[in-house]
Each structure stands twice: as C-alpha cells, then as structure tokens.
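# Coordinate inspection notes
So you can see what is in the structure, the chains are spelled out below.
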Amino acid sequence: MTNIGVIIRGKYGKRLIDTILSKTDLGVTFAEVPEHLPEFIDEPDEFLEGLHLDEKVFNTEILITYSLHPDLTYAIAKLAGRHGVRSLIVPGGASKAPVRELEQISQEYGMYIEVEDICCTLSEDPAICELTNKLSRPLLEITAHEGTVDEVKVIRGAPCGSTWHMAEGLRGLSLKEAPAKAGLLIQQYPCRAVRGNKGGIHESAQLHKDAVLKAIERAALKK
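Just so you know, these numbers come straight off a predicted model, no measurement behind them.

Conventions and cut-offs
- Residues numbered from 1 in each chain as written.
- Predicted model: local features only at pLDDT ≥ 70, side-chain atom pairs only at ≥ 80, totals over all residues.
- Heavy atoms only, no water.
- Helix = DSSP H or I, 4+ residues; strand = E, 2+ residues; numbered from the N terminus.
- Rg over C-alpha atoms; globule rule 2.2 N^0.38 Å.
- Buried < 20%, exposed > 50% of the residue type's maximum accessible area, 1.4 Å probe, protein only.
- Contact = heavy atoms within 4.5 Å.
- Areas by Shrake-Rupley, 256 points an atom, 1.4 Å probe, with all protein chains shown as cover.
- Lys, Arg positive; Asp, Glu negative; His and termini not counted.
- Charge placed at Lys NZ, Arg CZ, Asp CG, Glu CD.
- Pairing = 2+ DSSP bridges.
- Axes fitted to C-alpha atoms, helices over the stretch in contact; angles between N-to-C directions.
- Core = buried A, V, L, I, M, F, W, Y, C linked by side-chain atoms within 4.5 Å.
- Salt bridge = Lys/Arg side-chain N within 4 Å of Asp/Glu carboxyl O.
- Right-handed = clockwise from strand over helix to strand, strands pointing away.
- Parallel < 35°, antiparallel > 145°, perpendicular 65-115°, else oblique.
- Left-handed = near helix turned anticlockwise from the far one by under 90°.
- Nonpolar A, V, L, I, M, F, W, Y, C, P; charged D, E, K, R; others polar.

## Overview of the overall build of the protein
- Tallying secondary structure elements over the protein gives eight helices and seven strands in all.
- By the compact-globule yardstick of 17 Å for 223 residues, the protein fits well, its C-alpha radius of gyration being 19 Å.
- Across the 223 residues that make up the protein, the buried fraction comes to 49%.
- Counting only contacts in the protein whose residues sit at least 6 apart along the sequence, the fraction spanning at least 24 positions is 61%.
- Accessible surface, the protein: about 11,300 Å² in total, of which carbon and sulfur atoms supply 48%.
- On the protein, the mean spot of the 26 positive side-chain charges and the mean spot of the 32 negative ones are 8 Å from each other.

Spelled out as structure tokens, the structure:
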C-alpha cells in the first residue's frame with residue numbers, strides 16, 4: 001500500500017487527509033507546522049529542525065506539503081530529498097514556492113516535484129500516479145433514465161472531496177441541468193482554493209462541469 005505524507009498548516013491539508021482515508025485505500029502519515037509563521041525565515045533548515053516534526057512523514061513515497069511559505073517549503077523539500085522521498089507535491093502555486101530552488105533540489109536528489117495552484121489539476125505523471133489515479137482531475141460515470149440523472153459514480157475526484165459532494169447533488173436533475181449545477185456545487189463547497197479570480201475555485205468548477213459533460217456523452221454512447 002502506498003503511503004502518502006501530508007504536512008498541514010492550520011486548516012490547510014486536513015481535508016485532503018480526510019479524503020484519502022475515506023475515499024481511497026492509501027495510507028497517510030502527517031505532521032503539522034505552525035499556522036502562523038514569520039514573513040521571512042533567515043535560516044530555514046534550522047527553523048525546520050526547531051519544529052521537531054515527526055520524521056515519519058518523510059518516510060513516505062509521496063509527500064504533499066501545505067507549508068505555503070517559500071522559505072519553509074525549500075527546507076522541507078531538501079529534507080524530503082535527503083530522506084529519499086520519491087515525489088513532492090506543493091499546493092498553493094508558484095507564489096508560495098521557490099520554484100527555481102525546487103528545480104535544483106529535484107535534480108540533486110532525483111525527486112519529482114510538482115507545484116500546483118489547485119490539486120484537481122495534478123498531472124498524470126507516473127511518479128505520482130498512485131495518488132492521482134484516485135485523487136486529482138475529476139472522472140465520473142453517470143447513469144440516467146429518461147433524461148434524468150440516476151447516479152453519479154466518482155472514479156477519480158478532487159483531493160478536497162468536492163467531487164463527491166457534487167455527485168450527491170446531481171441525482172434527480174435533468175441531464176441538461178447537470179453540468180451547470182455541477183459547477184455551482186463545486187463553488188459552494190468549502191474548498192480552500194483561491195476565490196475571486198479566473199483560476200482557483202472557478203477553474204475547479206469548470207473542470208467538474210466538463211467532467212459531467214463527458215460522462216453524459218459516454219453514457220449516451222453506451223445506449
């Protein structure tokens with residue numbers, strides 16, 4: 001069984017842990033960094049050492065860090081590399097991560113590193129496929145009767161759990177209503193993605209709307 005490491009900060013990362021445990025057969029180990037951090041950390045390695053994290057979180061195949069702080073993320077990536085972590089996922093986007101330094105760490109340790117704004121756009125790279133085959137870009141199967149949604153099966157869903165919330169809300173709707181309703185349900189879900197711009201939660205909503213449309217098309221082809 002693949003074991004996923006998660007570093008949480010405040011509310012960030014907790015919903016992912018819940019989704020892993022409730023929706024997959026993956027194992028999970030987690031550690032927590034302080035919610036409130038200095039704006040700048042002069043000695044990131046020493047600062048990280050002083051946090052006394054449970055190092056079991058680094059004895060995992062895939063590590064996801066919600067540190068959301070460029071200095072601390074840099075130190076976490078180096079420590080992950082030294083522990084032999086195979087892949088590192090950094091949510092929050094480039095503004096929360098030292099991208100150039102992470103590229104150097106990736107080369108030094110042969111560790112796959114992916115920085116993403118939202119986790120439902122994670123790549124299908126083989127290095128993280130044990131996770132993304134289950135949690136990433138939404139993939140659905142819809143059954144319908146006389147133009148009404150009977151059931152929505154989540155083959156693959158967003159790490160925050162929003163896809164399952166959406167699936168429940170589509171039952172009983174007409175096939176014409178379902179795609180737009182899917183996008184609305186995602187935006188109503190308390191996801192941590194950024195709001196108020198074209199990316200973030202709006203991008204996630206569009207991904208789910210498209211996934212519903214594709215599932216409806218596949219269902220029609222089966223008839």
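## Things to note about the sheet that holds strand β2 (residues 27-33)
- Read from one edge to the other, the open sheet built from five strands follows the order β2-β1-β3-β4-β5, with strand pairing classed as parallel. Because the sheet does not close on itself, it has two edges, and the strands there are β2 and β5 (112-116). With direction set aside, neighbouring strand axes in the sheet form an average angle of 15°.
- Note: strand β4 (residues 87-91) against β5, five bridges, orientation parallel. Bridge pairing in β5 places S87 opposite Y112.

## Considerations on the nonpolar core
- Counting residues in each nonpolar core, the largest one holds 44 residues, and the members touching the most others are I4, V6, L131, L140, M166, L170 and V212.
- Secondary structure elements with two or more residues in this core: β1 (3-9), α1 (14-23), β3 (62-65), β6 (139-145), β7 (148-156), α6 (162-170), α7 (178-188) and α8 (200-222).
- With seven residues, the single largest contributor to this core is α8.
- When residues no more than four places from it in sequence are discounted, the contact partners of V212 are L140, I142, M166, L170, A178, P179 and A182.
- With 24 residues, the next largest nonpolar core counts I41, V57, A97 and I113 among its residues.

## Concerning the pattern of salt bridges
- Under the definition given, this model contains three salt bridges.
- Ionic pairing is found between K134 and D25, a salt bridge with its closest N-O pair at 3.2 Å. A residue pair is termed long-range when its members are at least 10 positions apart, and K134 in the loop between α5 (129-132) and β6 and D25 in the loop between α1 and β2 qualify at 109 residues.
- Close ionic contact of K78 with D45 constitutes a salt bridge, the shortest N to O distance being 2.7 Å. Linking K78 in helix α3 (residues 70-83) with D45 in helix α2 (residues 44-51), this pair joins segments that are 33 residues apart in sequence.
- Of the residues examined, D45 reaches a relative accessible area of 34% and is grouped as partly exposed.

## As for the pairing of β2
- Of the two faces of β2, only one is covered, namely that formed by G27, T29, A31 and V33; the face formed by V28, F30 and E32 stays uncovered.
- Sheet analysis places β1 next to β2, joined by seven bridges and oriented parallel. Note that in β2 the partner of G5 across the bridge is T29.
- Considered for its hand, the β-α-β crossover made up of β1, α1 and β2 is right-handed.

## Some remarks on the packing of α7 against α8
- Two elements in contact, α7 and α8, have axes separated by 8 Å at closest approach and are oriented at 150°. Classified by the angle their axes make, α7 and α8 are roughly antiparallel. Of the two possible hands of crossing, α7 and α8 adopt the one that is right-handed. Taken together, the residues of α8 that come into contact with α7 (itself represented by A178, P179, A182, G183, I186 and Q187) are I201, H202, S204, A205, H208, K209, V212, L213 and I216.
- For the contact of α7 with α8, a count of residues per class yields nine nonpolar, five polar and one charged.

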